[in-house]
Amino acid sequence: MPLKQLLTQLTAQFEAAGIESAQADAELLVADVLNCGRGELAVKIITGEPISEQQQTTIEELAAKRAERVPLQHLTGKAYFRNLELSVGPGVFVPRPETEQVAQLAIDALKSVALAEPIAIDLATGSGAIALSLATEVSYAKVYAVELSDDAIGYTRKNFERWAPDAELRQGDLSVAFDDLAGQVDVLISNPPYIPEDMVPIYPEVHLHDPKLALYSGKDGLDLIRVISKRGLMLVKPGGTLVIEHADPQSQAVREILEADGWRQVRAHRDFNLRDRAVSAIR
Ligand code: GLN
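Keep in mind it's a predicted model, so treat the numbers as computed, not measured.

Caption draft 1: Quick look at the environment of threonine 11. Along the chain, the position of threonine 11 falls in helix α1 (residues 3-16). Note: C-alpha distance between threonine 11 and alanine 22 (eleven residues apart in sequence) is 5.1 Å.

Laid out in structure tokens, this is it:
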């Protein structure tokens, strides 16, 4: 089957399955099987380059899974975040585009620290998306991260080895991690689980395939954010920065938690969709 026709077929199949980004997903899936980028795929479509029967079968098998709402990133094993290509799959949270902007807040704060080797920590790092962005984009910083999940940590390790072997990954509970760095941290960031435990996320890709540990945090979703605020006061040095991602209706509640704990200059930040997405504060 010509590539163009195959892509039209997959796009229709994905649209029928309720996938919003049907055409993009079709292109990314085919490009992945053909081991090329989307730009190269466009060239192959124009030049009418044939694909093998084997490739077509693989594409159709993966497309059937995607139509069942298995995340595209689990099928390709890859997720893109800022400049990084990260290894992901079942067991690890797929990094989201809105978190790229949250990471920017920490990158800016880290770059503004007038030290030869400022220290940053990413709590509940998952795939390592935020920590590895800090480590690669502020290469002189010393970056630490912690992840609890046995199911996620294999992906985290692989991503650290690939992108920042000098960054330090630990496995454990963020509420007790990094005692050794008390009062030394310049920038502390986290994209913790923050969905209220009885809410069901809209997309099946999220509620059926993202790990529950990465999604939910108590009745109002803020349990871990409360812990991070307290823990952060112990870790961050005076004048250091805290950045926390949250769900859009939680901005005020998160600001109140931080202010009550004694953080200064507590500020709300929006994402590209103009939804409140993060709060930053100064110790
Ligand atoms: N942002 C997630 C979602 O889209 C929620 C959990 C998180 O990012 N920490 O479902």
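Caption draft 2: Layout of unusual backbone geometry. Phi is positive for asparagine 35, which is not a glycine, with a value near 60°. Looking at the secondary structure, you find asparagine 35 in the loop between α2 (22-33) and α3 (38-47).

Caption draft 3: Broad picture of the pattern of salt bridges. Per the stated rule, a full pass over the model turns up 19 salt bridges. Two residues, arginine 96 and aspartate 210, come together in a salt bridge whose shortest N-O distance is 2.8 Å. Here arginine 96 is found in the loop between β2 (84-87) and α6 (97-111), whereas its partner aspartate 210 is found in the loop between α9 (204-209) and α10 (212-215), with 114 residues between them in sequence. Just as arginine 96 is buried, aspartate 210 falls in that class too. Taking the shortest distance from any N to any O, the salt bridge between arginine 226 and aspartate 223 comes out at 3.4 Å. In this pair, arginine 226 and aspartate 223 are both assigned in helix α11 (residues 223-235), three residues apart and thus about one turn of the helix distant. A relative accessible area of 39% means that aspartate 223 is categorised as partly exposed. Counted as one network, the salt bridges with shared partners bring together Asp25, Arg66, Arg69 and Glu205.

Caption draft 4: Fine view of the packing of α2 against helix α4 (residues 53-67). Interhelical geometry of α2 versus α4 gives an angle of 140° and a closest axis separation of 10 Å. Judged on the interaxial angle alone, α4 and α2 are oblique. Remark: the crossing between α2 and α4 carries right-handed chirality. Packed against α2, whose contacting residues are Asp25, Leu29, Val30 and Val33, the element α4 presents Gln55, Thr58, Ile59, Leu62, Ala63 and Arg66 at the interface.

Caption draft 5: Structural view of the packing of aromatic side chains. Across all of its chains, the model carries one aromatic pair by this definition. An angle of 75° between the planes, with centres 5.9 Å apart, marks the rings of tyrosine 144 and phenylalanine 178 as edge-to-face. Taken as a pair, tyrosine 144 in strand β4 (residues 142-147) and phenylalanine 178 in the loop between β5 (168-171) and β6 (185-190) lie far apart in primary sequence, 34 residues in all. Assigned by exposure class, tyrosine 144 and phenylalanine 178 land together as buried. Taking NZ or CZ as reference, lysine 142 lies 5.4 Å from the ring centre of tyrosine 144, over its face.

About the cut-offs
- Here the residue numbers are simple positions, counted from 1 along each chain's written sequence.
- Selection of residues for local features in this predicted model requires a pLDDT of at least 70, selection of side-chain atom pairs for listing and counting requires 80 or more, and totals for whole chains, interfaces and linings are taken over all residues.
- Based on all heavy atoms of the structure, the side-chain values leave hydrogens and waters out of the count.
- Each helix corresponds to a stretch of at least 4 residues labelled H or I by DSSP, and each strand to a stretch of at least 2 residues labelled E; elements are numbered beginning at the N terminus.
- Each salt bridge in this description consists of a side-chain nitrogen of Lys or Arg and a carboxyl oxygen of Asp or Glu lying within 4 Å of one another.
- Residue burial is assigned from relative accessible area. The probe radius is 1.4 Å, only protein chains are included, and a residue is buried under 20% of its type maximum, exposed over 50%, and partly exposed in between.
- To obtain an axis, a line is fitted to C-alpha atoms, over the contacting stretch when the element is a helix, and the angle between two such axes runs from 0 to 180 degrees between their N-to-C directions.
- Orientation is classified from the angle alone, with under 35 degrees giving roughly parallel, over 145 giving roughly antiparallel, 65 to 115 giving roughly perpendicular, and any other angle giving oblique.
- Helix crossings get a hand from a simple test, with the near helix turned counterclockwise from the far one by less than a right angle marking a left-handed crossing and a clockwise turn marking a right-handed one.
- The contact criterion used throughout is that any non-hydrogen atoms of two residues lie within 4.5 Å.
- For Phe, Tyr and Trp, where Trp contributes only its six-membered ring, two rings pair if their centres lie within 6.5 Å, and the inter-plane angle classes them as stacked under 30 degrees, edge-to-face over 60, or tilted in between.
- Consider the ring centre and the ring normal. A charge sits over the ring if Lys NZ or Arg CZ is within 6 Å of that centre and within 35 degrees of that normal.

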